[in-house]
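Listed below, chain by chain, are the residues.
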Amino acid sequence: MTFRARHLLGVEPLAPAEITTLLDLAETYVALNRRTVKHGDALEGLTQINLFFEASTRTQSSFELAGKRLGADVMNMAVAQSSVKKGETLIDTALTLNAMQPDLLVVRHPNSGAVNLLASKVNCAVLNAGDGRHEHPTQALLDALTIRRAKGRLHRLTVAICGDIAHSRVARSNLILLGKMENRVRLVGPATLMPRGAADWGCEIHEDMRAGLQDADVVMMLRLQKERMDGGFIPSEREYFHRWGLDAEKLALAKPDAIVMHPGPMNRGVEIDGTIADDINRSVIQDQVEMGVAVRMAAMDLLARNLRAERGARAAGGGVYV
Amino acid sequence: MILHFQNARLIDPQALSDEPGSLTVQDGTIVALDGDAPEGATVIDCGGRCLAPGIVDWGVKIGEPGERHRESMRSAALAAAAGGVTTIVARPDTLPPIDTPEGLEFVTRRAAEQPVRIRHQAALTRAREGREMVEMGFLMDAGALAFTDGVRVVTDTRLLSRCMAYARGLGALIVGHPQDAGLSRGAAATAGKFASLYGIPAVSPMAERMGLERDLALAELTGVRWHADQITTAAALPVLDRARAAGLDVTAGASIHHLTLNEYDVGDYRTFFRLTPPLRSEDDRMALVEAVADGRIDVIGSFHTPQDEEAKRLPFEVAAPGAVGLETLLPAAMRLYHQGGVGLAQLWRALSLNPATRLGLPGGRLAAGTPADLVLFDPDAPFVLDRFALRSKSKNTPFDGTRMEGRVLGTWVGGTRVFGGDHG
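Cut-offs applied
- Residues numbered from 1 in each chain as written.
- Chains lettered and ligands numbered in written order.
- Predicted model: local features only at pLDDT ≥ 70, side-chain atom pairs only at ≥ 80, totals over all residues.
- Heavy atoms only, no water.
- Salt bridge = Lys/Arg side-chain N within 4 Å of Asp/Glu carboxyl O.
- Helix = DSSP H or I, 4+ residues; strand = E, 2+ residues; numbered from the N terminus.
- Buried < 20%, exposed > 50% of the residue type's maximum accessible area, 1.4 Å probe, protein only.
- Axes fitted to C-alpha atoms, helices over the stretch in contact; angles between N-to-C directions.
- Parallel < 35°, antiparallel > 145°, perpendicular 65-115°, else oblique.
- Left-handed = near helix turned anticlockwise from the far one by under 90°.
- Contact = heavy atoms within 4.5 Å.
- pLDDT = per-residue confidence, 0-100.
- Pairing = 2+ DSSP bridges.
- Buried area = accessible area lost by both parts, 1.4 Å probe.
- Polar contact = N/O pair within 3.5 Å; in protein donor to acceptor, adjacent residues only side chain to side chain.
- Nonpolar A, V, L, I, M, F, W, Y, C, P; charged D, E, K, R; others polar.
- Disulfide = S-S within 2.5 Å.

A.B. asks: Hey, could you run me through the pattern of salt bridges in this one?
C.D. replies: Pairing between side chains of opposite charge can happen when their charged atoms approach one another. For the coordinates displayed, the defined rule picks out 42 salt bridges over all chains. Note that A:Arg210 is salt-bridged to A:Glu249, the shortest N-O span being 3.1 Å. With a gap of 39 residues between them, A:Arg210 in helix α7 (residues 209-213) and A:Glu249 in helix α9 (residues 248-251) connect regions that are remote in the sequence. Classification of A:Arg210 as partly exposed rests on a relative accessible area of 33%. The salt bridge involving B:Arg131 is made with B:Glu129; its shortest N-O contact spans 2.8 Å. Each of the salt bridges in this network shares a partner with another, and the network as a whole consists of A:Asp24, A:Glu27, A:Arg148 and A:Arg149.

Written out as structure tokens, the structure is:
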């Protein structure tokens, strides 16, 4: 087994072999999840706490289901945000939860780096469920699994990531992961939603969506993150849809077998035409949700194995295992 | 009381020389260079170590009044003495801000009890709110060295131009923070590859150039004496050159942190590296070092900003900006010396002579008739910095755990030893 990480804070620290290990394990959980009886025992006896400082429905329920299917005791904590003293609650809450001896801590926070900060204060395994504009590793991993199953491989593909790149942690994690697996990544969107320095990331930048979609194998749409914007990024939603929304005409420029992805929740008619999203021949959006549960089961399983090995080694007085 | 420093390596920023020599002090004043020890003098053998004018650190935040838990006059002064800083030029961004003559008199009284010299700048506008001018004349009479709202940029250009015109009439010095307030709102890093990958709200380096262009245009309009507190980007340097070529009375400073660190030092969201302005690219840093060497940057300061532990134990973008620097200014500056390109005499021009001259202070030089504010240091002595060993009440230094060279062996203010020897 080549998965050594103690936490899953991002895809950036993962080696390609670790990504492959995780995806391979996730495949077995896809099979498990399709059975009538969906119980595994990999997390039997472990406590999983979902700590969400930012509202989430899909990611939180996906993590909850993943934990429950593997036998963990799952607790959800929705932490109300006071607008000023965010950080104090963060560290205090972390220390309080840590004292309850959880084994897996799933965290989402609106500030970049907040999950790293929290991970340095606790002694359980921490999974990043999205921090600010930084990373969302399980989303990138579930996207990778979806692509691998749809295209038969996860290398030498042309992937166009389109839309609000600047505010998107999904875009960052995907860009890093797809780059590690040797794919050709294009970022497509208006200059106002393109992060500065993106050209140094080893990807192509396209302001013209038609050029960006040309011969793409995968079209990954991003949600326009209205809640992260402090005004004035695009003139209007209808102009945005006209120029950067995915419709049949623009999709026709991609390869005939190109797949369409979206991390959800979708703004239909803003970044994606509803009929494209519902086209079962092109859209893999529902598969992404399914893969999400399997990937999260695999991630927590691997971290739990490392956690048990580390604790076993410590109990045996053998120092650090990893 | 006569002191005679012999066997010293004299760092003279005025003559730009770095040569062996001796120095004699009588009644707190330098009386001779290169003479023999007079009758009855206390002889201090420097052992070939460097003897330089004490550092004049322009832009230090002291938490008095209002935030003494972060830094008191006393703790700042002890830290300064240990760092070879003999004059602190404090910022007015206290709680409440130093914006009245009465407030200035209070801090001046407190400052008089301290082992190093502490002088104050006053706010430029009342409560630093950018709406009304302070009583500049009264404040100058009470001893204000300069006027500044610190990192709060006055966005009302009409008000700023009036402040400058009024200051021009008084001969007052205005210190600006070159930054475009709109572009830099909410920013915690410099826009670029690093900030984008780590998802930190960022500001373009262009915001500094825009702020500088604006302030210099108003300085040209009014003819005021103007100083930029911190220049941190390469793009701002040509703007400064043009203003000087046009004959404006303009000087510029830089923080030691921007001269020795770059944006990548932030690493894994380390909040001790969150500064205002944010750390810049390595290209900017190198351009700044070059500008110090050729004298385009006049002043180097620590921009000492004490923050308590809780203010830094937060996610990067919401953590309080700033770093302490009184004790680390000298060893950090030694990095520039050891990396080559900047000599000790050149460094001391920016650390003591230029700030003293610009602020109208008598010290900052090794000349007969000037106050004996001196620092004796070993530029090569290595050590590993432990932040909990700092004398400052706040321990937020980005140099914690790093290897540094340059140790202060003794500090004298007006001929009185305030650090080293019996002072520990």
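A.B. asks: Please explain the packing of helix α2 (residues 58-69) of chain A against helix α11 (residues 285-315) of chain A as it appears in this structure.
C.D. replies: Each pair of packed helices can be described by the angle between their axes along with the distance between the axes. All names here are of chain A. Two numbers describe how α2 lies on α11: the axes approach to 8 Å, and their chain directions differ by 55 degrees. It follows from the interaxial angle that α2 and α11 lie oblique. The interaxial crossing formed by α2 with α11 has right-handed handedness. Seen from α2, the contacting residues are Arg58, Thr59, Ser62, Phe63, Leu65, Ala66, Gly67 and Arg69; seen from α11, they are Val289, Gly292, Val293, Arg296, Met297 and Met300.

A.B. asks: Please explain the confidence of the model for chain B as it appears in this structure.
C.D. replies: Across chain B, the average pLDDT comes to 96, with 100% of residues at 70 or higher. This prediction of the complex comes with two scores: 0.92 for pTM and 0.85 for ipTM.

A.B. asks: Looking at this model, I keep getting lost on the sheet that holds strand β2 (residues 73-78) of chain A. Mind explaining?
C.D. replies: Where strands meet in a sheet, backbone hydrogen bonds hold them as pairs that are either parallel or antiparallel. All names here are of chain A. The four strands lie next to each other as β2-β1-β3-β4, forming an open sheet whose pairing is parallel. Because the sheet does not close on itself, it has two edges, and the strands there are β2 and β4 (125-131). Within the sheet, the average angular offset between the axes of one strand and its neighbour, ignoring direction, is 15 degrees. As paired strands, strand β1 (residues 47-52) and β2 are joined by six bridges and run parallel to one another. Paired with Leu51 across the two strands is Met77, which belongs to β2.

A.B. asks: Explain the interface of chain A and chain B to me, please; I cannot follow it from the model alone.
C.D. replies: Often, the extent of an interface is quoted as the loss of accessible area upon association of its parts. Listed as interface residues are 23 residues of chain A and, on the opposing side, 19 residues of chain B. Here chain A packs against chain B, burying approximately 1700 Å² in sum over the two surfaces, 57% of which is carbon and sulfur. Considering only the side of chain A, the residues that lose the most area to chain B are A:Ser112, A:Arg196 and A:Trp201, jointly responsible for 29% of the buried surface there. Viewed at the interface, chain B and chain A are joined by zero salt bridges. Summed over the shared surface of chain A and chain B, the number is seven residue pairs in polar contact (both at pLDDT 80 or more). In terms of residue count, helix α3 (residues 86-99) of chain A provides more of the side of chain A that touches chain B than any other element does, five residues in total. Taken together, the residues that form the side of chain A that touches chain B break down as eight nonpolar, eight polar and seven charged.

A.B. asks: For this particular structure, what's the right way to read the sheet that holds strand β9 (residues 173-176) of chain B?
C.D. replies: Residues and elements named next belong to chain B. Spatially, β9-β12-β13-β14 is the arrangement adopted by the four strands of the open sheet, whose pairing is parallel. Edge positions in the sheet fall to β9 and β14 (299-301), since each has one partner strand and no second. Put simply, the sheet's adjacent strands are angled 25 degrees from each other on average, direction ignored. In this structure, β9 lies alongside strand β12 (residues 225-228), joined through four bridges in parallel fashion. Directly across from Leu173, in β12, lies its bridge partner Arg225.

A.B. asks: What am I meant to see in the state of the cysteines here?
C.D. replies: One way to say it: the disulfide is the covalent bond shared by the sulfur atoms of two cysteines. Residues and elements named next belong to chain B. What the rule picks out here adds up to zero disulfides over all chains. Considering cysteine sulfurs only, Cys46 is the nearest to Cys50, which forms no disulfide, with 9.8 Å between them. Residue classification places Cys50 among the buried residues on the basis of a relative accessible area of 0%.

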